[in-house]
Amino acid sequence: MKLWKSRLHPHTFSLVGGEPTIHPELTEFVSLTRRNWPAAQLRLVTNGFFLHRHPALPVALQGDPNACIYLSIHHDAPEYNDKLRPNLELLRSWVRDYGIRAQIYNSFKNWTRRYHGSGHAMEPFEDGRPRQSWENCPSRYCPQLFEGKIWKCAPLAYLKMQDDRYRLSDSWKPYLSYQPLDPGCSDAQLADFFNREEETFCAMCPAKRMRFKLPMPLR
Ligand code: SF4
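In this report, the structure presented in the accompanying data block is examined. Worth saying up front: this structure is predicted, and the values here are computed from it rather than measured.

### Focus: the nonpolar core
Logical step 1: Trp 4, Leu 57 and Ile 69 are the most contacted members of the largest nonpolar core, which totals 48 residues.
Logical step 2: Among the elements that make up this core, the one with the highest residue count is helix α3 (residues 78–98) (five residues).
Logical step 3: In contact with Ile 69, not counting residues within four places along its chain, are Leu 44, Thr 46, Leu 57, Leu 61, Leu 91, Trp 94, Ile 100, Arg 101, Ala 102 and Gln 103.

### Structural notes on the sheet that holds strand β4 (residues 102–105)
Logical step 1: With parallel pairing, four strands are arranged side by side in an open sheet as β1-β2-β3-β4. Each having just a single partner strand, β1 (12–15) and β4 make up the two edges of the open sheet. Ignoring which end each strand starts from, the neighbouring axes of this sheet average 25 degrees apart.
Logical step 2: As judged from the five bridges shared by strand β2 (residues 41–46) and strand β3 (residues 67–72), these two strands associate in the parallel manner. Note that in β3 the partner of Thr 46 across the bridge is Leu 71.
Logical step 3: Those strands touched by α3 are β3 and β4, and its axis lies near 165 degrees from that of β3.

### Looking at the pattern of salt bridges
Logical step 1: Counted according to the given criterion, the structure contains 16 salt bridges.
Logical step 2: We note a salt bridge from Glu 197 to Arg 131, for which the minimum N-O separation is 2.7 Å. Here the residue Glu 197 occupies a position in the segment after α8 (187–195), and Arg 131 occupies one in helix α4 (residues 130–135), the gap between them amounting to 66 residues.
Logical step 3: On the accessibility criterion, Arg 131 (28% relative accessible area) is partly exposed.
Logical step 4: For Lys 173, the salt bridge goes to Asp 170, with nearest N and O atoms at 3.5 Å. Each member of the pair, Lys 173 as well as Asp 170, carries the same accessibility label: exposed.
Logical step 5: Bridged by salt links that share partners, the residues Arg 131, Glu 135, Glu 197 and Glu 198 form one connected network.

### Thoughts on α3
Each turn of an α-helix holds 3.6 residues, which means side chains three or four residues apart point in the same direction.
Logical step 1: In this model, α3 (21 residues) spans 29 Å end to end at C-alpha, consistent with the 30 Å of a helix rising 1.5 Å per residue.
Logical step 2: The largest bend along α3 reaches roughly 45 degrees and is located at Arg 85, with the proline Pro 86 sitting one to four residues downstream.
Logical step 3: Tyr 80, Leu 84, Asn 87, Leu 88, Leu 91, Ser 93 and Trp 94 are the residues of α3 that are buried.
Logical step 4: Each element contacted by the buried residues of α3 is listed here: α2 (57–61), β3 and β4.
Logical step 5: Of the residues flanking the end of α3, it is Gly 99, one or two places downstream, whose phi is positive at about 70 degrees.

### Section: empty space enclosed by the protein
Logical step 1: Scanning the model with the defined rule gives one cavity of 30 Å³ or more in all.
Logical step 2: One number sums up the size of the largest cavity: a volume of about 100 Å³.
Logical step 3: Among the residues making up the lining of the largest cavity, the classes are represented as nine nonpolar, two polar and two charged.

### A few points about the site of the ligand
Logical step 1: Taken together, Arg 114, Ser 133, Trp 134, Cys 137, Lys 152, Cys 153, Pro 155, Leu 156, Phe 201, Cys 202, Met 204 and Cys 205 form the complete shell of residues around the ligand.
Logical step 2: Those elements that place two or more of their residues in the shell around the ligand are α4 and α5 (154–157).
Logical step 3: Here the residues of the shell around the ligand sort into nine nonpolar, one polar and two charged.

### Overview of the side chain of Glu 199
Logical step 1: Considering the arrangement of structural elements, one finds Glu 199 in the segment after α8.
Logical step 2: Residue Glu 199 is classed as buried on the basis of its relative accessible area, which comes to 13%.
Logical step 3: Polar contacts involving the side chain of Glu 199 include one to the side chain of Arg 196, which spans 3.5 Å.
Logical step 4: Sequence-distant contacts of Glu 199, that is, excluding residues within four places in its chain, are made with Pro 130, Lys 152 and Tyr 178.

Reading the values: the criteria
Residues numbered from 1 in each chain as written. Predicted model: local features only at pLDDT ≥ 70, side-chain atom pairs only at ≥ 80, totals over all residues. Heavy atoms only, no water. Core = buried A, V, L, I, M, F, W, Y, C linked by side-chain atoms within 4.5 Å. Buried < 20%, exposed > 50% of the residue type's maximum accessible area, 1.4 Å probe, protein only. Helix = DSSP H or I, 4+ residues; strand = E, 2+ residues; numbered from the N terminus. Contact = heavy atoms within 4.5 Å. Pairing = 2+ DSSP bridges. Axes fitted to C-alpha atoms, helices over the stretch in contact; angles between N-to-C directions. Salt bridge = Lys/Arg side-chain N within 4 Å of Asp/Glu carboxyl O. Expected span 1.5 Å × (residues − 1). Bend = angle between axes of the 7 residues up to and from the residue. 1 Å grid on protein atoms, 1.4 Å probe; cavity = no way out; pocket = protein on both sides within 12 Å on 5 of 7 lines; lining within 4 Å. Points joined across faces, edges and corners; volume = space filled by probe spheres on them. Nonpolar A, V, L, I, M, F, W, Y, C, P; charged D, E, K, R; others polar. Near = heavy atom within 4 Å. Polar contact = N/O pair within 3.5 Å; in protein donor to acceptor, adjacent residues only side chain to side chain.

Written out as structure tokens, the structure is:
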């Protein structure tokens with residue numbers, strides 16, 4: 001954040017994961033984000049399961065009208081809802097007692113595929129229409145700040161992690177060669193980065209929006 005704070009003025013800054021509540025210093029990240037970008041809408045996007053590990057979080061968010069916890073419900077199975085219920089109640093008590101903002105939304109209705117298969121067997125779509133892939137992409141306006149650099153989107157930013165874990169097939173090599181924006185870039189490079197729409201890398205994603213149902217995550 002420090003590397004970019006004087007050059008970027010995001011309308012919205014989201015703390016995302018994986019799952020951000022796994023990080024023991026999440027509350028400090030919230031405060032740090034606010035110090036670096038005081039005018040941004042600050043979103044903490046979480047599945048909610050570990051909110052109870054962060055009792056100082058509502059205090060950090062209290063009195064901030066531009067901060068909000070977004071609790072994403074990943075599945076509609078009754079056992080999922082049963083397991084989540086105590087932390088939903090906790091979040092509602094924070095809203096009531098600290099006056100913080102929260103939104104609860106059904107993300108399971110909107111999952112779309114970024115690749116074929118999963119794990120070792122995942123493969124890029126490469127259906128030959130990167131412009132359509134970009135136009136149908138839910139991540140097209142969500143650049144990522146990761147390891148001090150700016151990445152076009154989450155699927156490109158975290159592809160290397162998937163490769164490290166699953167040893168992906170050679171068809172991913174062109175996409176693993178993506179180069180994020182370095183903080184030493186010029187102003188022209190910075191402007192060019194944010195003006196770019198589809199790129200050759202978008203060929204890895206499907207040209208048509210493809211919804212799918214996530215398998216029950218708690219099993
Ligand atoms: S590579 Fe392009 S189409 Fe795929 S997620 Fe990133 S921005 Fe979207």
